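Examination of the molecular architecture
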Amino acid sequence: MRILVLGSGAREHAIVRALLRDQTSDGPAHEVIAAPGNAGIAALVETVKLDASNGRLVADYARDSEVDLVVIGPEAPLVAGVGDALRRYGIPVFGPDKAAAALEGSKSFAKRIMQAAQVPTGGAVHADTIDEVAEALDRFGAPHVVKADGLAAGKGVLVTDDRQAAIDHASFYLQQGGVLIEEHLSGPEVSLFLLADGHDVLPLSPAQDFKRVFDGDAGPNTGGMGAYSPLPWLSDRWPSEADFVDEVVDRVALPTVRQLEAEGTPFVGLLYCGLIITAEGIRVIEFNARFGDPETQVVLPRLESSLAELITAAATGGLGRLPYPKFSPEVAVTVVLASEGYPENPITGRPIRGLAALEAELPEGVTVDHAATTLVDGEYVATGGRVLSVVARGADFAAARERAYAALGRLDLEGGHFRTDIAARVAQ
Ligand code: AMP
Ligand code: GLY
């Protein structure tokens, strides 16, 4: 198969790696192309300069280069309708149409679907004016949860005890499609990914993301600073991880997919369930319409089934005929290296010293998924906020963490920062 992967992050690097794992006696079973990709992806497969959010350009390219399947990595192209453009040409695509991608692109839409499908989630009110915001904040009480209703690259959510900070955050996003004021929920968070073909779903293995920028969950929310998989602590509350996953399938993912199907906007692609485990049980805090970043970097290396087969079945209908995907008992940890100033004002253009040397002789169990990298005169240079994900597998979390942090210690990005406590608690 010829598979086109849209996007340029570490998530897409992980997706490309997983697609290349299917082998024939002559090498990789699939020809993978990435658009636009990054320097790490370009070391593995052909990359093409293409505006991934321009449906017309992407669809023309995919048709002219006889692509068999398109995987849409990030949310922006989904919300821009790139899936619709490809389906109009009859090209199989893993990623929902614009209408179903609203599950991520509009938090009010997601809440409405959850209500209709009786999916457990916290209370929420959409507000369009500062008066409505103030009223809702006082109704729910502190801690306050304020969310941009539309896309905000992981930065639209503020959780705070400071009422004025909540008002200020809301004022900013009121000009961009309104905000949601939510009931505050507490408990550990889980990211569970499910492949969906519009009717059936198949779950992957759960992961946990570290959203705050600094150790100890301090500082502002980011796109994600690290992750690990699986989640051994789930068996404190469920007989096994599989029972937890089954509950999410039955109470969250299937009802949501069936509701979208009934409304004539089938969800084909990756349903990302952002969950919180409260004292009262599982609650959805958000849906995304694509693989999570950085959770993908720890989930896909553990996947033993063929990713290409799974996403083809999702894109063409037929997930119901496949068994549950298989995962390695090995654990995986990823730590994100970010540029100085991330998430507010990342300083870019600095060399990533030691990266080429590290990749030339990767330690056992370690890979580096590039995010914002480019090659300038043979040297890697950081081009964005989240620069790369160091991924380490191991027999246990202590071993995986040791590998990940040892590898990070060999990299030198001026002003660069990373969290030192990723998966620390599960390693104890
Ligand atoms: P989201 O982008 O919706 O995943 O929100 C980012 C982060 O904000 C989540 O991972 C949670 O840590 C936190 N958060 C979001 N919604 C709530 C909520 N209703 N109660 C408590 N924390 C929340
Ligand atoms: N890691 C959070 C996200 O991908 O939205």
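Attention in this report is confined to the structure presented alongside it.

Conventions and cut-offs
Residues numbered from 1 in each chain as written. Chains lettered and ligands numbered in written order. Predicted model: local features only at pLDDT ≥ 70, side-chain atom pairs only at ≥ 80, totals over all residues. Heavy atoms only, no water. Helix = DSSP H or I, 4+ residues; strand = E, 2+ residues; numbered from the N terminus. Rg over C-alpha atoms; globule rule 2.2 N^0.38 Å. Buried < 20%, exposed > 50% of the residue type's maximum accessible area, 1.4 Å probe, protein only. Areas by Shrake-Rupley, 256 points an atom, 1.4 Å probe, with all protein chains shown as cover. Lys, Arg positive; Asp, Glu negative; His and termini not counted. Charge placed at Lys NZ, Arg CZ, Asp CG, Glu CD. Near = heavy atom within 4 Å. Polar contact = N/O pair within 3.5 Å; in protein donor to acceptor, adjacent residues only side chain to side chain. Nonpolar A, V, L, I, M, F, W, Y, C, P; charged D, E, K, R; others polar. Pairing = 2+ DSSP bridges. Contact = heavy atoms within 4.5 Å. Axes fitted to C-alpha atoms, helices over the stretch in contact; angles between N-to-C directions. Phe/Tyr/Trp six-rings, centres within 6.5 Å; stacked < 30°, edge-to-face > 60°.

Observations regarding the overall build of the protein chain
Broken down by element type, the protein chain carries 15 helices and 26 strands. Computed over C-alpha atoms, the radius of gyration of the protein chain comes to 21 Å, within 12% of the 22 Å expected from 2.2 N^0.38 for 428 residues, which places it in the range of a compact globule. Out of the 428 residues belonging to the protein chain, those deemed buried represent 57%. Total accessible area on the protein chain stands at roughly 16,900 Å², and carbon and sulfur atoms take up 49% of it. Looking at charge distribution, the protein chain has the averaged site of its 36 positive side-chain charges lying 1 Å from that of its 59 negative ones.

A look at the site of ligand 2
Every residue near ligand 2 is listed here: Asp209, Gly223, Tyr272, Asn288, Arg290, Gly292, Asp293, Pro294 and Glu295. In this structure, arginine 290 approaches ligand 2 through a side-chain N or O atom, which is 2.8 Å from an oxygen atom. A distance of 2.8 Å separates a nitrogen atom of ligand 2 from a polar atom in the side chain of glutamate 295. Residue composition of the shell around ligand 2, by class: 2 nonpolar, 3 polar and 4 charged.

Considerations on the sheet that holds strand β4 (residues 31-36)
Read across the open sheet, the 5 strands follow the order β5-β4-β1-β6-β7; overall the sheet is parallel. Edge positions in the open sheet fall to β5 (46-47) and β7 (93-94), since each of these has one partner strand only. Packed onto the sheet, helix α3 (residues 55-64) meets β1 (2-7), β4, β5 and β6 (69-72) and runs at close to 160° relative to β1.

Details of the site of ligand 1
Around ligand 1, the structure places 14 residues, and the nearest of them are Lys147, Glu183, Leu185, Glu189 and Glu286. Take glutamate 182: an N or O atom from its side chain is 3.1 Å from a nitrogen atom of ligand 1. For ligand 1, the protein covers 91% of the area, taking 470 Å² as the surface of the free molecule. The set of elements that each furnish at least two residues to the shell around ligand 1 consists of β9 (144-148), β10 (157-160) and β19 (281-288).

Concerning helix α6 (residues 98-105)
Extensive coverage of α6 is indicated by the burial of 6 of its 8 residues. For α6, every residue scored as buried is listed here: Ala100, Ala101, Ala102, Leu103, Glu104 and Gly105.

Here's the deal with the sheet that holds strand β14 (residues 208-209)
Spatially, the 5 strands line up as an open sheet ordered β14-β17-β20-β25-β22, and their pairing is antiparallel. In the strand order of this sheet, the two ends are held by β14 and β22 (366-370), each with one partner. Across 2 bridges, the pairing between β14 and strand β17 (residues 226-229) is antiparallel. Bridge assignment links glutamine 208 to a residue of β17, and that residue is tyrosine 228. Strands in contact with helix α1 (residues 10-20) are β22 and β25 (386-394); relative to β22, the strand with the most contacts, it is inclined by about 125°.

Focus: the packing of aromatic side chains
Enumeration according to the criterion identifies 8 aromatic pairs in this entry. On the basis of an interplanar angle of 40° and a centroid distance of 5.3 Å, the ring pair of phenylalanine 193 and tyrosine 272 is categorised as tilted. Of this pair, phenylalanine 193 sits in strand β12 (residues 189-197) while tyrosine 272 sits in strand β18 (residues 268-278); the two residues are 79 residues apart in sequence, bridging distant segments of the chain. Taken as a pair, phenylalanine 193 and tyrosine 272 share a single burial class, namely buried. For the pair tyrosine 405 and phenylalanine 418, a centre-to-centre distance of 6.0 Å together with 40° between the ring planes defines the contact as tilted. Here tyrosine 405, found in helix α14 (residues 397-408), pairs with phenylalanine 418, found in the loop between β26 (412-413) and α15 (424-427); they are 13 residues apart in sequence, far enough to count as distant. For phenylalanine 418, a relative accessible area of 31% puts it in the partly exposed group.

What about the environment of valine 16?
One can find valine 16 in helix α1. Residue valine 16 is classed as buried on the basis of its relative accessible area, which comes to 0%. Linking valine 16 and valine 268, residues 252 residues apart in sequence, is a C-alpha distance of 19 Å. In this view, valine 16 contacts Val5, Val32, Ile41, Leu44 and Val45; residues no more than four positions away in its chain are not counted.

Observations concerning the pairing of β18
Counting buried positions over the 11 residues of β18 gives 11, a clear majority of the element. Inspection of the sheet shows β12 paired to β18 by 9 bridges, in the antiparallel sense. If you follow alanine 196 over to β18, its bridge partner there is glycine 269. Direction of pairing for β18 relative to β19: antiparallel, over a ladder of 7 bridges. Directly across from leucine 275, in β19, lies its bridge partner valine 284.

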